Amino acid sequence: MEQPTADEAVAEALSELEDRSKTEIDLARCQLADEHLGSLCQRLRACLHIEKLDLCGNRISDAGVGQLAELLQEQCPLRELRLDHNNITDKGVARLAKALRDQRHLAVLSLSYNPIGNDGAHALCEALSSSMSLRQLRLYRCRIMDEGVGVLCSALVETSAPLQLLDLGGNGFLSEGTAAIALLLRHSESLTTLALQNSDIRHDDDILSALSDSQALQVLDLRKNKVGDGGCVRLADYLTRDSTLHSLDLQSNKITSKGLQCLLGAVAVNDTLQNLNLQHNELTEADSHGLELLAAHLRKNQALARLRADLDEVEEALANAKGHADAVNRRLSVSLVRQDRTVTPMHDKAEEGFDFSYWSFALGLAVGALLHASVRHFWK
């Protein structure tokens, strides 16, 4: 089936606007250019029921963003605008930010994979300083360096902006940027989700120390960094005292079995963490004592619902652990990925945010195996 042309996609979207039960327009990856937005914006001015507009993966430039900015200035009731993977620069963001100053509706803005740079970050500061509606800002791979990260975080701290989700992953910031993010963590009362995938975060970065002072953080995405076993020690110290974090993603962080045991030791006393991802680390060498400790930690925790790791021995540890049936009854979902299996990365699209899309590991077979082992252990 041939993909519709940009004109055909817009025409179809316009025809669907008559349906007042429809609240979303999806024009992602439709080859739209600036000239296609005129008729769409004109119709949206009269369609007060549309809350979400997805324009990701098109050819929209600064001129097209200008038309969207005019729409927002007229208090269009859009709540979510997604513009990832377009050709938007700091000039387009400046027009968008100006429209957001007095916007009362837009809650989600996603600009990932656009080269907005530090100047674009400066422009967004104006919007963050005055907008009381914006709750989520996604800026993955936007070429924002230390200066841009610094001004963004400072604006969020100084104005007490009610932002709840911030994605700054995949940018080029270094130590000054991480220090600014650490400052934000220590002072923000609203930030619940922080995504820093692929940001060269290391075990001694100030961000890991600042976690202990965070007040509301629930989701932390540190995929594809360099946390290592040293970082696990600091994270474990944080987890033993934390009472807010629900999800921690440490995929691809050069963590070994030593770091795993340190983390799970903290998990044993933490009663809020529900999702832990340790996939694509270096967890293939675990001795029998370490596996016994792993199983013991998992039994003690009453909150952890999902654990994901590249470690075949985890299966054995659970199957042979005393009391493992309790883990099954608590619906602990252990997703194991063999080293020879190809796995699709969980976050190569920043616009999806921090999303736990877990593979099931033959759950029915696993439950059966665990119960079988339980019966054998009982009769021993």
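The rules we used
- Residues numbered from 1 in each chain as written.
- Predicted model: local features only at pLDDT ≥ 70, side-chain atom pairs only at ≥ 80, totals over all residues.
- Heavy atoms only, no water.
- Disulfide = S-S within 2.5 Å.
- Buried < 20%, exposed > 50% of the residue type's maximum accessible area, 1.4 Å probe, protein only.
- Helix = DSSP H or I, 4+ residues; strand = E, 2+ residues; numbered from the N terminus.
- Contact = heavy atoms within 4.5 Å.
- Polar contact = N/O pair within 3.5 Å; in protein donor to acceptor, adjacent residues only side chain to side chain.
- Axes fitted to C-alpha atoms, helices over the stretch in contact; angles between N-to-C directions.
- Parallel < 35°, antiparallel > 145°, perpendicular 65-115°, else oblique.
- Left-handed = near helix turned anticlockwise from the far one by under 90°.
- Nonpolar A, V, L, I, M, F, W, Y, C, P; charged D, E, K, R; others polar.
- pLDDT = per-residue confidence, 0-100.

With that settled, the discussion passes to the state of the cysteines. Inspection of the entire model under this criterion finds zero disulfides. Cys 76 provides the cysteine sulfur closest to Cys 41, a residue in no disulfide bond, and the two sulfurs are 8.4 Å apart. Note on Cys 76: relative accessible area 7%, which makes it buried.

Judged by how many residues are buried, helix α10 (residues 257–267) sits mostly within the fold: eight of eleven residues are covered. All of the buried residues in α10 are Ser 257, Gly 259, Leu 260, Gln 261, Leu 263, Leu 264, Ala 266 and Val 267.

You can see Asp 54 is positioned in strand β2 (residues 52–54). Residue Asp 54 is classed as buried on the basis of its relative accessible area, which comes to 12%. In sequence terms Asp 54 and Glu 80 are 26 residues apart; their C-alpha atoms lie 8.0 Å from each other. Setting aside residues no more than four positions away along its own chain, Asp 54 makes contact with Ile 25, Asp 26, Leu 27, Ala 28 and Arg 82. Engagement of the side chain of Asp 54 in a polar contact is seen with the backbone nitrogen of Cys 56, the distance being 3.0 Å.

Let us look at the packing of helix α6 (residues 146–159) against helix α7 (residues 175–187). One can describe the packing of α6 onto α7 by two numbers: an axis separation of 8 Å at closest approach and a directional angle of 10°. For the element pair α6 / α7, the angle class is roughly parallel. Crossing angle aside, the handedness with which α6 passes α7 is left-handed. Between α6, through Asp 146, Val 149, Gly 150, Cys 153, Leu 156 and Val 157, and α7, the contact on the second element is made entirely by Ser 175, Glu 176, Gly 177, Ala 180, Ile 181, Leu 183, Leu 184 and His 187. Tallied by class, the residues present in the contact of α6 with α7 amount to eight nonpolar, four polar and two charged.

With that settled, consider the packing of helix α5 (residues 117–130) against α6. One way to put it is that α5 packs onto α6 with a least axis distance of 8 Å and a crossing angle of 5°. Compared by their axis directions, α5 and α6 come out roughly parallel. Contacts between α5 and α6 involve Asn 118, Ala 121, His 122, Leu 124, Cys 125, Leu 128 and Ser 129 from the former and Glu 147, Gly 148, Val 151, Leu 152, Ala 155, Leu 156 and Thr 159 from the latter. Taken together, the residues of the contact of α5 with α6 sort by class into eight nonpolar, five polar and one charged.

The share of residues in the chain with pLDDT of 70 or more is 78%, and the mean pLDDT across the chain is 82. Low pLDDT (under 50) marks residues 321–332, which in the prediction has 25 contacts with non-local residues, meaning those over four places away or in another chain.

Attention now moves to unusual backbone geometry. Unusually for a residue other than glycine, Arg 29 sits at a positive phi of about 55°. What makes Arg 29 exposed here is its relative accessible area of 54%. You will see that Arg 141, though not glycine, has its phi angle at about 50°, which is positive. Relative to the helices and strands, Arg 141 resides in the loop between β5 (136–138) and α6.

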